[in-house]
Amino acid sequence: MGILNVTPDSFSDGGRFFTSEKAVDHGLRMAAEGAQIIDVGGESTRPGAESVAVEEELNRVIPVIEELHARSDTTISIDTAIINDVTGGRGDDKMMPLVAENKSAFIVMHMQGNPQTMQLEPRYDDVVSEVADFFRQQYARAIECGIDPMAIAFDPGIGFGKTLEHNLELLAQLDRLRAHERPLVVGISRKSFLAKVTGSSEISDRLAPAVALTSFLRARGADVFRVHDAKENVSALRVTEAVLEKTK
């Protein structure tokens, strides 16, 4: 899943693809490099990010989505194919009924708090158990709303209301997070916890550890990877899959 931020303020690439033309070109480039899904975002969810008016968000993403649809067969998330909800269905009571009505796929992500508050002082008694419980609860809600159970996936929300230790614990115990045998989505690309582990503040120094984690997490059962750097991660996954095939 290639990340396409049509925003001026996302944490690692804010402003680079803010015009529709640049955004579409980058989306097509990621598809050519092997991304099977393009995840279009019109509002930054970095720590401390302010909300964007609905009309402004629509103005940012709709032209990009329409042009990508016209020029590529790659699946796009945010629109009718896949709805990737960083609030996990809690941000808008109308979200789950809308997903059911449109027969969309639905990614339920866990976030403690909201982008303005999530990194102020995140606390859990047992982060793995609490995230897993949240997935089971939201799965039940989704089914009640009429969402196809085969269209649901879960994302633990690495970096969304979690400390470094919380992030590492979730990644180390990924198998405990799987709910109802549904796919697990993981987004660790360019995130600040990588810098805390490596000791480097350079964004470019986050690529190698992110690619390493992509391979590691695929071996541990992750199914979908949200990445900024499609080419490198696709190559890592191809090699990982080739090795895993020999273990069957």
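The present account deals with the structure reproduced in this document. As the structure is a prediction and not an experimental result, all values here were calculated from the model.

It is worth spelling out the overall build of the protein at this point. When its secondary structure is counted, the protein shows 8 helices and 8 strands. For 248 residues, the compact-globule formula gives about 18 Å, and the C-alpha radius of gyration of the protein, at 17 Å, lands near that figure. The buried share of the protein, taken over its 248 residues, is 48%. Pairs at least 24 residues apart make up 67% of the contacts formed inside the protein by residues separated by at least 6 positions. The protein carries 27 positive and 38 negative side-chain charges, and their two centres are separated by 4 Å.

Looking now at unusual backbone geometry. Not every positive phi belongs to a glycine, and Lys 103 is a case in point at roughly 55°. Even without glycine at this site, Arg 190 takes up a positive phi of about 60°. Tracing the backbone through its elements, the reader meets Arg 190 in the loop between strand E7 (185-186) and helix H6 (192-198).

Where helix H7 (residues 207-219) meets helix H8 (residues 230-245), the axes come as close as 9 Å, and the angle between the chain directions of the two elements is 30°. Here H7 lies roughly parallel to H8, going by the angle between them. Note that H7 runs across H8; the crossing there is right-handed. Side by side, H7 and H8 meet where Leu 207, Ala 210, Val 211, Thr 214, Ser 215, Arg 218 and Ala 219 of the first sit next to Glu 232, Asn 233, Ala 236, Leu 237, Thr 240, Glu 241 and Leu 244 of the second. Residues belonging to the contact of H7 with H8 are distributed by class as follows: 7 nonpolar, 4 polar and 3 charged.

The next point concerns helix H4 (residues 127-144). Because an α-helix completes one turn every 3.6 residues, residues spaced three or four positions apart along the sequence face the same direction. End to end, H4 covers 26 Å across 18 residues, agreeing with the expected 26 Å (1.5 Å per residue, within 8%). Every buried residue of H4 is accounted for by Val 127, Val 128, Val 131, Ala 132, Phe 134, Phe 135, Gln 138, Tyr 139 and Ala 142. On an axial view of H4, the arc spanned by its buried residues comes to 155°, and they lie on one face. The exposed set on the far side of H4, more than 90 degrees from its buried face, consists of Gln 137 and Glu 144. At its buried positions, H4 is contacted by helix H3 (95-102), strand E5 (105-109), strand E6 (152-155) and helix H5 (164-172).

So, about the pairing of strand E2 (residues 37-41). Regular strands place side chains that alternate from one sheet face to the opposite one. With 5 of 5 residues buried, E2 is to be regarded as a mostly interior element. As paired elements, strand E1 (residues 2-5) and E2 share 4 bridges and run parallel to each other. Bridging across to E2, Gly 2 finds its partner in Ile 38. Inspection of the sheet shows E2 paired to strand E3 (residues 75-77) by 3 bridges, in the parallel sense. Bridge pairing links Asp 39 to Ser 77 in E3.

Before going further, it helps to spend a moment on the packing of aromatic side chains. For the structure shown, the criterion picks out 3 aromatic pairs. With centroids separated by 4.8 Å and ring planes inclined at 35°, the aromatic side chains of Phe 135 and Phe 154 adopt a geometry described as tilted. You can see Phe 135 sitting in helix H4 and its partner Phe 154 sitting in strand E6, a full 19 residues away along the chain. Its relative accessible area of 0% is what places Phe 135 among the buried residues. Classification of Phe 154 by relative accessible area gives buried; the value is 0%. Judged by centre distance (6.4 Å) and plane angle (45°), the rings of Tyr 139 and Phe 154 are tilted. Residue Tyr 139 is located in helix H4, and its partner Phe 154 is located in strand E6; the two are separated by 15 residues in the primary sequence. Each member of the aromatic cluster is reached from another via a ring pair, and the members are Phe 134, Phe 135, Tyr 139 and Phe 154.

Among the secondary structure elements, His 26 is positioned in helix H1 (residues 20-32). In this structure His 26 comes out as buried when scored by relative accessible area, which is 11%. Within polar-contact distance, the side chain of His 26 engages the side chain of Arg 29 at 2.9 Å. Residues within four places of His 26 in sequence aside, it is in contact with Ile 3, Leu 4, Phe 17 and His 228.

Residues Val 54, Leu 58 and Ile 62 make up a contiguous nonpolar surface patch of roughly 250 Å² in combined accessible area. Note on placement: Ile 62 falls in helix H2 (residues 54-71).

Here we take up the nonpolar core. Ranked by internal contacts, the top residues of the largest apolar core, which has 36 residues, are Phe 106, Ile 147, Phe 154, Leu 171, Leu 177, Ile 188 and Leu 217. Elements supplying a minimum of two residues to this core: H3, E5, H4, E6, H5, H6 and H7. Of all the elements, H4 adds the most residues to this core, at 8 residues. Other than its neighbours up to four places away in sequence, Leu 177 contacts Val 128, Val 131, Ala 132, Phe 135, Pro 156, Leu 170 and Leu 184. Counting residues in each nonpolar core, the second largest holds 16 residues, with Leu 28, Met 30, Ile 65 and Leu 68 among its members.

Reading the values: rules and limits
- Residues numbered from 1 in each chain as written.
- Predicted model: local features only at pLDDT ≥ 70, side-chain atom pairs only at ≥ 80, totals over all residues.
- Heavy atoms only, no water.
- Helix = DSSP H or I, 4+ residues; strand = E, 2+ residues; numbered from the N terminus.
- Rg over C-alpha atoms; globule rule 2.2 N^0.38 Å.
- Buried < 20%, exposed > 50% of the residue type's maximum accessible area, 1.4 Å probe, protein only.
- Contact = heavy atoms within 4.5 Å.
- Lys, Arg positive; Asp, Glu negative; His and termini not counted.
- Charge placed at Lys NZ, Arg CZ, Asp CG, Glu CD.
- Axes fitted to C-alpha atoms, helices over the stretch in contact; angles between N-to-C directions.
- Parallel < 35°, antiparallel > 145°, perpendicular 65-115°, else oblique.
- Left-handed = near helix turned anticlockwise from the far one by under 90°.
- Nonpolar A, V, L, I, M, F, W, Y, C, P; charged D, E, K, R; others polar.
- Expected span 1.5 Å × (residues − 1).
- Arc of directions from axis to C-beta.
- Pairing = 2+ DSSP bridges.
- Phe/Tyr/Trp six-rings, centres within 6.5 Å; stacked < 30°, edge-to-face > 60°.
- Polar contact = N/O pair within 3.5 Å; in protein donor to acceptor, adjacent residues only side chain to side chain.
- Patch = residues over 30% accessible without salt bridge, like charges linked within 9 Å, V, L, I, M, F, W, Y side chains within 5 Å.
- Areas by Shrake-Rupley, 256 points an atom, 1.4 Å probe, with all protein chains shown as cover.
- Salt bridge = Lys/Arg side-chain N within 4 Å of Asp/Glu carboxyl O.
- Core = buried A, V, L, I, M, F, W, Y, C linked by side-chain atoms within 4.5 Å.

Distances and angles like these do not, on their own, reveal function.
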